Amino acid sequence: MDHTIFNRMTESLSQNRLVLPAFPQAALRARAVAGLADASAIAVAREVAKDPALSARILKVANSSLFGFSFNTGSLQQAISRVGLEHTKTLVTNFALMQLMTPPRGAYGLLIRTIRDHSIEVAALAYVMCEKGQAFNSNKALLGGMLHDVGYLPLIQFAKSEPDLVLTDPSFIPSLKGLHTEAGNLLMMYWQFSPELVEVVSAHESIACRMDEPVTLRDVIALANAIVNEPDSGAREMLLSSPLAVKLAVTELAEADYRRVAEVKQFFS
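Residues numbered from 1 in each chain as written. Predicted model: local features only at pLDDT ≥ 70, side-chain atom pairs only at ≥ 80, totals over all residues. Heavy atoms only, no water.

A.B. asks: Explain the overall build of the protein to me, please; I cannot follow it from the model alone.
C.D. replies: From N to C terminus, the protein includes 17 helices and zero strands. Against the compact-globule benchmark of 18 Å for 269 residues, the protein has a radius of gyration of 19 Å, which places it among compact chains. For the protein, the proportion of contacts with a sequence separation of at least 24, taken over those separated by at least 6, is 69%. About 12,400 Å² of surface is accessible on the protein, with carbon and sulfur atoms providing 53% of the total. Across the protein, the mean location of the 24 positive side-chain charges is 8 Å away from that of the 27 negative side-chain charges. (Helix = DSSP H or I, 4+ residues; strand = E, 2+ residues; numbered from the N terminus. Rg over C-alpha atoms; globule rule 2.2 N^0.38 Å. Contact = heavy atoms within 4.5 Å. Areas by Shrake-Rupley, 256 points an atom, 1.4 Å probe, with all protein chains shown as cover. Lys, Arg positive; Asp, Glu negative; His and termini not counted. Charge placed at Lys NZ, Arg CZ, Asp CG, Glu CD.)

A.B. asks: Would you mind going over helix H17 (residues 255-264) with me for this structure?
C.D. replies: Since the α-helix turns once every 3.6 residues, residues separated by three or four places project in the same direction. Within H17 the residues assigned to the buried category are Asp257, Arg260, Val261 and Val264. Seen end-on, H17 carries its buried residues on one side only, within an arc spanning 105 degrees. Set apart from the buried face of H17 by more than 90 degrees, the exposed residues are Glu255 and Arg259. Structurally, H17 contributes buried residues whose contacts are with helix H7 (106-133) and helix H8 (138-147). (Buried < 20%, exposed > 50% of the residue type's maximum accessible area, 1.4 Å probe, protein only. Arc of directions from axis to C-beta.)

A.B. asks: In this structure, what is going on with the packing of helix H2 (residues 25-34) against helix H6 (residues 85-100)? I would like to understand it.
C.D. replies: Any two packed helices are characterised by how steeply their axes cross, that is the angle between the axes, and by the distance between the axes. Running from amino to carboxyl end, H2 crosses H6 at an angle of 165 degrees, the nearest separation of the two axes being 9 Å. By the angle between their directions, the pair H2 and H6 is classed as roughly antiparallel. For the element pair H2 and H6, the recorded crossing hand is left-handed. Across from Ala27, Ala30, Arg31 and Ala34 in H2, the residues of H6 making contact are Leu85, Lys89, Val92, Thr93 and Ala96. (Axes fitted to C-alpha atoms, helices over the stretch in contact; angles between N-to-C directions. Parallel < 35°, antiparallel > 145°, perpendicular 65-115°, else oblique. Left-handed = near helix turned anticlockwise from the far one by under 90°.)

A.B. asks: Is there a simple way to explain the state of the cysteines in this structure?
C.D. replies: In a disulfide, the sulfur atoms of two cysteines are held together by a covalent bond. Taken as a whole and assessed by the stated rule, the structure comprises zero disulfides. You can see Cys130 has no disulfide; the closest cysteine sulfur is in Cys209, sitting 14 Å from it. (Disulfide = S-S within 2.5 Å.)

A.B. asks: Can you walk me through the environment of Ser269 in this structure?
C.D. replies: Checked against the element boundaries, Ser269 lands in the segment after H17. Once residues within four sequence positions are removed from consideration, Ser269 is found in contact with Arg57 and Lys60.

A.B. asks: Sorry if this is basic, but what is going on with unusual backbone geometry here?
C.D. replies: Negative phi values dominate among residues other than glycine, just as trans dominates among peptide bonds. A positive phi angle, close to 55 degrees, is found at Gln134, a residue other than glycine. Considering the arrangement of structural elements, one finds Gln134 in the loop between H7 and H8. With a relative accessible area of 68%, Gln134 lands in the exposed category. At Gln192, a position not held by glycine, the phi torsion is positive, near 60 degrees. Locating Gln192 in the fold gives a position in the loop between helix H12 (177-191) and helix H13 (195-203).

A.B. asks: What am I meant to see in the packing of H8 against H13 here?
C.D. replies: Between H8 and H13, the shortest axis-to-axis distance is 9 Å and the interhelical angle comes to 45 degrees. In terms of orientation, H8 lies oblique with respect to H13. Where H8 crosses over H13, the handedness of that crossing is right-handed. Mapping the contact onto sequence places Lys140, Leu143, Gly144 and Leu147 in H8 and Glu196, Leu197, Val200 and Val201 in H13. For the contact of H8 with H13, the per-class residue count stands at five nonpolar, one polar and two charged. (Nonpolar A, V, L, I, M, F, W, Y, C, P; charged D, E, K, R; others polar.)

A.B. asks: Just checking my understanding: could you explain the side chain of His118 for this structure?
C.D. replies: Within the secondary structure, His118 sits in helix H7. Among the polar contacts made by the side chain of His118, one reaches the side chain of Asp149 at a distance of 3.5 Å. Not counting the four nearest positions on each side in its chain, His118 is found in contact with His148, Asp149, Asn225, Val228 and Asn229. (Polar contact = N/O pair within 3.5 Å; in protein donor to acceptor, adjacent residues only side chain to side chain.)

What follows is the structure, given as structure tokens:
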């Protein structure tokens, strides 16, 4: 990667001048309503309905085989009731992130697609790991997986106008690894997301864990991210024998588990 660009990026980040993408307003409102103590499906549906694309995605998921209902519904309120408010809140956030990660054409778009596809893979694996080990909430894991690498977005956006030769350099994304957690931390605070999610974004690169402490969302995403990033099957087996895997009660992943991962990824199709 061009060190001049990297230095400018680092300076912009250290001086808090990095331009941060805004989170879609309809999704923020729907999340806020779903999080209220007296939240109802009709109130959440009213907010979700303000974004037709978001509405269509919620309906698609509610009618998918993942929930096993025998008949489809065209009612947004009924779809939200089926899925549940907490799961709807997760889905709304995930779909809003997908909007932010919609790749345009060209080299810049390929970089966004790379981050999006990796995030979906981690989210789906984290979801299945929680289903399998039952050590943590799978819906939260789905959200944490989609958010964990969000710090790359403002960094890639910073370099958007650079020549394709720079953006297609295989070292471009790896060179940002040391900056993306810091950028992600800023972005999560800007979006006013919970400390639990901030920790996922800022600390998911390490699989170190405390065995005497409760399982955290960071634990789940750290292991899922490490497995997805590891191309060697032997090394993946080593990860599944690590203390973190033992803590999560996920010390093996069978073919059936990977089929389930593929099924969960349909959430995002």
